[in-house]
Amino acid sequence: MKMSNSITRCDGFVRRDFLQLGMLSALGMSVADLLRWQALAASPKKESKKEISCILIWLDGGPSHIDTFDPKPDAPKEVRGPFGTIPTAIPGVRLSEHLPLTAKAMGDIALVRSLTHELGNHNTGRHYLMTGHRPTPVVAYPSLGSVLAKESGFGRALPPYVIVPQAIEYTQAGYLPGAYGPFAVGGDPSKPDFRVRDLNAPEGVSIDVEARRRNVLTALDDFSREVEEGLATLARDAFYEQAYKLLGSPAAKSAFDLKKESRAVRNRYGSKSIGQGCLLGRRLVEAGTRFVTVVDRGWDTHVDIARNLPDARFRGSGKLPALDRAYASLLTDLRERGLLDTTLVVLMGEFGRTPKINNRAGRDHWPRAGFVCFAGGGVKGGQVIGATDAHGEVPSDTPVRPEDVAHSMLKLLGVDPHKEYIAPGGRPLKILDKGKMIPGLA
Amino acid sequence: MNAARPSVALFFCGAVLATAAERAWHFPTDILPRLTQAGCNAGKCHGAATGQGGFKLSLLGDDPAADHAAITRERGGRRLDFANPERSLFLRKPSRDLDHKGGQKLRNGSESWRAVRDWIAAGAPFGKTELRVTKLVVTPAELRQSAQLKVTAHFSDGQTRDVTAMALYTTQNDAVATVGKTGQVTIERPGLGAIMIRAAGQVTAARVAAPFKRELANDFPKPRNFIDEKVFAELSRMRIPVSPEAGDVVFLRRATLDLAGRLPASAEVRIFIKNPDREKLINRLIGSEAFVDFWTMKFADLLLLDSKKLGAEPARAYRDWLRQQIARNTPMNQVARALLTARGNLTQNAAANFQRQKTDPRDMGESVSQTLLGIRVACARCHNHPFDRWTQADYHQFAAFFARTRVQGGELVLVERGEVRHPRTEKVVLPSPLGASKTAKADGLDYRPALADWLTRPDNPFFARAMVNRIWREMMGRGIVEPVDDLRVSNPPANPALLDALVASFVENEFDLRRLIRDIATSRAYQLSSRTTADNRADTQLFSHAYLKPLPAPVKADAIAQATGQPDAYASQPKGTRAVQLLDAQVPSYTLDVFGRCPRTDNCADPTQFGGGLSSALHLINDPTLNAKLGPAVDELLKKYPQPRALLDEIFLRTLSRFPNDKERAKCLKHIAEVKDTKEGWQDLLWALLNTREFGFNH
């Protein structure tokens, strides 16, 4: 099955502009007032002692749980699949044979094996995991990254929320102002010519000229009487402000430059985009970004997992070895740099895959079971939380729902999941209205 | 328990049995809706794919036969106790008499509980199998104040029944209206909303339009056409005033962008100021080549015209064919017919490329219904649509229209073997249009002409509506229904009378695209200012003022090129090719990507979905290509306008389509005087104008 049509949704749909409800806010505020009020309410007074950032490695398409983190070596062949298993740093716990580096790093990882929900469509599943809410036609929910962006504000030169490489659906700001959407680095971090574009003035434009031009622009924007302030213009203004902040900070710009990293470190993460993307993520959180989503596509393995998951065709052709190297290297790198305690690393996709291999030697969607790996940021590593039954069909212990994942992430990141935001139209909305802490996670 | 009780109980049961047996029970309309209302068959309960606790029901009751079998016959029928109906597991669990993970869903003794009990006592019959609910009628259909809804089910045998107590009510906007379990609607505050009603396997909605409580200071302007009549009528009812008319240069810029996809040239602005004949302008723009380029691009976006998918030659031929239709103003129903029925060589019969959007007939069905009918049927692939009327049967019958086309040897051909099966019955399904129950007539092997006939009929409720709504959105910045590809019963139009009138006019005028565009452009509603008043500031759906529109990516890129007089060079394209003229999104351009052009892999109803944001701002600020245009632009301008004031006017006219105001003039002339290198000073100004908020918006 191809990558989903982003429009087909079974349980509703999400559109930012659907929220234009056409009413005055109960308090009689104008839109501009509302946003200023929100911005004031959100700006952090003081950094808390231990600010936790997040790197979300998103395996788009739905990674098979049985072929990765929840193998079933004792199940019949048509369930256990073509791969063997290996022991890990946690006694008694085994992973797919194609995750050897991760197996060694299990001491840092809290592996949830009992993720469960009912939304088996790519976009509904993705919405659920990215926002912590089931999709509904009535509200466009913000991604967790956008929530973090709002809570962090734009005090720093680096954007608070970055996505590597491109924004995909449901990673955006939903009912929050557009300024809290992700900044996409674009391109492919594994390519030798990778750079984030437009971070430097064009040749021949000196710093003085930059400043001069900015001065004129500010004046002209000020003097224009033609375009009224509204949601769209405020977003545009916010983006320009963010842009200038970023441009004015060599340290921030340098965080995007992978060439600043040694060959050795770059090789360690592996040459595929997931590896270089994780490395970029590390650089960004190191430099002050609060939430980085690294998107790795290609996990929708309906066909021939023996060929597509390991390096069956040639080195680097498979999904698993690249993931293994990227993930384990990220954890090790963070640990070595003393960043693991303050960086929550989450590894997941929208759902697991069918326990029974299908007639194309692959697996299909299976939201009833799936995995989430947590590490860092105060997580208690070296444990497995929850389990699935003998065939990996449903949780047999400690079912964990996507709202629980979202709730736990927010709490670990220092955000109150029940905090209320005001959506356009004056409607108060809790960030999450359901969900609880995953037991024993931290 | 004393000895007298059992006999009393027996007597009581007997009495109940007697009355219960007299009533003609119909499981799908008497019992099943109660289960839906109680939430038993919701997606997270027994309606889930694998059910709950070993008990599986169809999602929201879309398969009454299977549900009846599950309840009455599964597990040796142990869920029901005919001798002692009240002891049935089917009653005891949801009423929490026994442990029930789902909580209490029925209250012991409630009306629903008693109905179920009586039905069990009657032997839990299915009832007449052919009997079906054909529609729901809700009154009032439109609420301007709090009210109690009444819902009537119409049956296939002509009978009607009040199902108000059995329906499931959901508000689509709880800030405006809330609804209780029994259909009592309370208006919370003025605004628009809808109450979605589900009962007996059907869906309908009541529109909420609660007016503001105030007197309007001024009358509405005199309507110029039927569009104004409908727009102003609803605004009047809602007590929302309109903004004044937009000024001439604002209108010039807006109309040129909306109709021709470009900025007006500075000369056009100067001429229009002297002679602001708006109708003449509209006609000139609609008759221009730029109009054809722009609207061809829009339709190519809609049709996902992509050379990577179609191949370079077919894609080029397809675009040329499309452009020809726009240039000739071919009626839209004929265009649709051609798209649906073309076959043969993909370069010579380029319209056939429409049918290559997807290879699986079900995916085609989804794509075609979305593109041409504005309907999202995808949910109905696996079960009946939860928010709309489409059943799984509807879905597959529609998909069946597309089962017989294949691409073979550069041609679109029809094959004999090609079918769609209903996933549950596994029977072959014959093509039938959405909402129709009759199988379509084939023309030999070809069912598609029947589809085209149905789609383009004057009384087809979907095609004209979807088309009109899309065109409205292009011009006005927002559809009357949003999203434009999600027209459904539970998503009512913001102004139903307006949409109906536009549809009627469109059909009456034989699906004439230019006429529709002209009618919109000449209306007062289109020409309102985007500046709001205190009382219409919050209106975002009823067109009391013009809504800001960001410039689409190709238009923005072209605007920069035109304003600087420095065209862009696109790979393998003749010099001077504008972005709106490009074949598709395969032509490499980081600028167009970052500005958010439609990638044509998926529907792009919302132009702000892609691109924009911080990356776009950085690009405008630092793009070396943009920067490289400034020098040559200023050099040329200085030759033509050696005087600073005149030059300043010219660059304002080119970029913002107006003269500078006093503050702007003073600041800019001061800047030029202060900067050592005059040329650099002018480059700064030109750069700044291209980066202003005002430049980037169509206001």
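Nothing here was measured: the structure is a model prediction, and the numbers come from that model.

Q: Help me out: how do you make sense of the overall build of chain A in this one?
A: Along the backbone of chain A there are 13 helices and 16 strands. Within chain A, buried positions represent 62% of all 442 residues. Restricting to contacts in chain A with at least 6 residues of sequence separation, those with at least 24 account for 73%. Summed over its atoms, the accessible surface of chain A is roughly 16,500 Å², and 52% of this surface lies on carbon and sulfur atoms.

Q: Hey, could you run me through the interface of chain B and chain A in this one?
A: For interface size, the figure often reported is the accessible area lost on association. The interface is formed by 85 residues belonging to chain B together with 68 residues belonging to chain A. With both chains or domains summed, chain B and chain A bury close to 6,700 Å², and 57% of this area falls on carbon and sulfur atoms. Considering only the surface of chain B that becomes buried against chain A, Leu614(B), Asn622(B) and Arg693(B) emerge as the three largest contributors, covering 11% of it. Counting across the chain B and chain A interface gives five salt bridges.

Q: Which parts of the structure should I look at to understand helix 13 (residues 312-328) of chain B?
A: Each α-helix turn comprises 3.6 residues. Residues three or four places apart therefore point the same way. Residue and element names in this part refer to chain B. When the terminal C-alpha atoms of helix 13 are compared, their 24 Å separation across 17 residues agrees well with the 24 Å that a helix rising 1.5 Å per residue should span. Of the positions making up helix 13, those classed as buried are Pro-314, Ala-315, Ala-317, Tyr-318, Arg-319, Trp-321, Leu-322, Gln-325 and Ile-326. Looking at the buried residues of helix 13, the elements they touch are helix 11 (289-302), helix 12 (307-310), helix 14 (332-341) and helix 20 (513-522). Two residues or fewer after helix 13 comes Asn-329, characterised by a positive phi angle close to 55°.

Q: Help me understand the sheet that holds strand 11 (residues 344-345) of chain B, please; the structure alone is not making it clear to me.
A: Whether parallel or antiparallel, the strands of a sheet pair through hydrogen bonds between backbone atoms. All names here are of chain B. The strand order across the open sheet built from three strands is 11-13-12, with neighbouring strands paired in antiparallel fashion. Looking at strand neighbours, the two that pair on one side only are strand 11 and strand 12 (405-408), the edges of this open sheet. Pairing between strand 12 and strand 13 (residues 411-414): four bridges, direction antiparallel. For Val-407, the partnering residue across the bridge sits in strand 13 and is Leu-412.

Q: How should the packing of aromatic side chains be read in this particular structure?
A: Two measures describe an aromatic ring pair: the distance that separates the ring centres and the angle between the ring planes. The full count for this structure, using the stated rule, is 21 aromatic pairs over all chains. Relative to Trp454(B), the ring of Phe398(B) has its centre 6.4 Å away and its plane inclined at 65°; by these criteria the two rings are edge-to-face. With Phe398(B) in helix 16 (residues 392-399) and Trp454(B) in helix 17 (residues 448-456), the pair connects residues that are 56 residues apart, well separated along the chain. A relative accessible area of 12% places Trp454(B) in the buried class. In textbook terms, an aromatic cluster arises when at least three aromatic residues are bridged by ring pairs, as seen for Trp390(B), Phe398(B), Phe401(B), Phe402(B), Trp454(B) and Phe462(B). Positioned above the aromatic ring of Tyr590(B) is the side chain of Arg197(A), whose terminal nitrogen or guanidinium carbon lies 3.9 Å from the ring centre. Across the ring face of Phe595(B), the terminal group of Lys556(B) is positioned such that the distance to the ring centre comes to 4.9 Å.

Q: I'm lost on the side chain of Thr152(B) in this one. Help?
A: Residues and elements named next belong to chain B. Tracing the backbone shows Thr-152 in strand 4 (residues 150-155). We classify Thr-152 as buried; its relative accessible area is 16%. In this view, Thr-152 contacts Lys-135, Leu-136, Val-137, Thr-160, Arg-161, Asp-162 and Val-163; residues no more than four positions away in its chain are not counted.

Q: Help me out: how do you make sense of the sheet that holds strand 12 (residues 383-385) of chain A in this one?
A: Residue and element names in this part refer to chain A. With mixed pairing, eight strands are arranged side by side in an open sheet as 6-5-7-1-8-11-4-12. Of all strands in the sheet, those bounded by a partner on one side alone are strand 6 (183-184) and strand 12. Sheet analysis places strand 5 (residues 161-164) next to strand 6, joined by two bridges and oriented parallel. Bridge pairing links Ile-163 to Ala-184 in strand 6. Helix 12 (residues 319-336) rests against strand 1 (53-59), strand 4 (109-115), strand 7 (291-296), strand 8 (343-349) and strand 11 (370-375) of the sheet, and its axis sits at about 165° to strand 8.

Q: Got a minute to help me understand the pairing of strand 7 of chain A in this structure?
A: Here is the key point about a regular strand: its side chains alternate between the two faces of the sheet. Residue and element names in this part refer to chain A. In terms of burial, strand 7 is a largely internal element, six of the six residues being buried. Both strand 1 and strand 7 contribute to a ladder of six bridges, which runs parallel. In the sheet register, Ile-57 faces strand 7, and the bridge partner there is Val-294. One ladder, built from four bridges, connects strand 5 with strand 7; its direction is parallel. Bridge pairing in strand 7 places Val-162 opposite Val-292.

Q: Hey, could you run me through the pattern of salt bridges in this one?
A: Where charged atoms from two side chains of opposite charge come close, those side chains can pair. In the structure shown here, the tally under the stated rule is 80 salt bridges over all chains. The partner of Lys419(A) in a salt bridge is Glu151(A), and the shortest N-O contact between them spans 2.8 Å. Separated by 268 residues along the polypeptide, Lys419(A) in the loop between helix 13 (402-412) and strand 15 (420-423) and Glu151(A) in helix 5 (residues 144-152) bring together distant segments of the chain. You can call Lys419(A) partly exposed: its relative accessible area is 27%. Linking Glu142(B) and Arg144(B) is a salt bridge whose minimum nitrogen-to-oxygen distance equals 3.0 Å. Within this structure, Glu261(A), Arg268(A), Arg282(A), Arg283(A), Glu286(A), Asp333(A), Glu336(A) and Arg337(A) form a network of salt bridges that share partners.

Q: How do you make sense of a positive patch on the surface when you look at a structure like this?
A: A contiguous patch of positive charge on the surface is contributed by Lys434(A), Lys44(B), Lys105(B) and Lys181(B). Of note, Lys44(B) is situated in the loop between helix 2 (27-38) and helix 3 (64-72).

Q: Hey, could you run me through helix 24 (residues 624-640) of chain B in this one?
A: Helix length check: helix 24 of chain B (17 residues) gives 25 Å between terminal C-alpha atoms against 24 Å at 1.5 Å per residue, within 8%. Residues of helix 24 of chain B that are buried: Leu626(B), Asn627(B), Lys629(B), Leu630(B), Gly631(B), Ala633(B), Val634(B) and Leu637(B). In this structure, the buried residues of helix 24 of chain B make contact with helix 6 (207-223) of chain A together with helix 21 (553-564), helix 23 (613-622), helix 25 (644-656) and helix 27 (678-691) of chain B.

Q: How should I be thinking about the side chain of Arg654(B) in this particular structure?
A: Take Arg654(B): it is sitting in helix 25. Aside from chain neighbours lying at most four places away, what touches Arg654(B) is Leu263(B), Ser266(B), Ala563(B), Thr564(B), Gly565(B) and Leu637(B).

How each quantity is defined
Residues numbered from 1 in each chain as written. Chains lettered and ligands numbered in written order. Predicted model: local features only at pLDDT ≥ 70, side-chain atom pairs only at ≥ 80, totals over all residues. Heavy atoms only, no water. Helix = DSSP H or I, 4+ residues; strand = E, 2+ residues; numbered from the N terminus. Buried < 20%, exposed > 50% of the residue type's maximum accessible area, 1.4 Å probe, protein only. Contact = heavy atoms within 4.5 Å. Areas by Shrake-Rupley, 256 points an atom, 1.4 Å probe, with all protein chains shown as cover. Buried area = accessible area lost by both parts, 1.4 Å probe. Salt bridge = Lys/Arg side-chain N within 4 Å of Asp/Glu carboxyl O. Expected span 1.5 Å × (residues − 1). Pairing = 2+ DSSP bridges. Phe/Tyr/Trp six-rings, centres within 6.5 Å; stacked < 30°, edge-to-face > 60°. Lys NZ or Arg CZ within 6 Å of the ring centre and 35° of its normal. Axes fitted to C-alpha atoms, helices over the stretch in contact; angles between N-to-C directions. Patch = residues over 30% accessible without salt bridge, like charges linked within 9 Å, V, L, I, M, F, W, Y side chains within 5 Å. Lys, Arg positive; Asp, Glu negative; His and termini not counted. Charge placed at Lys NZ, Arg CZ, Asp CG, Glu CD.

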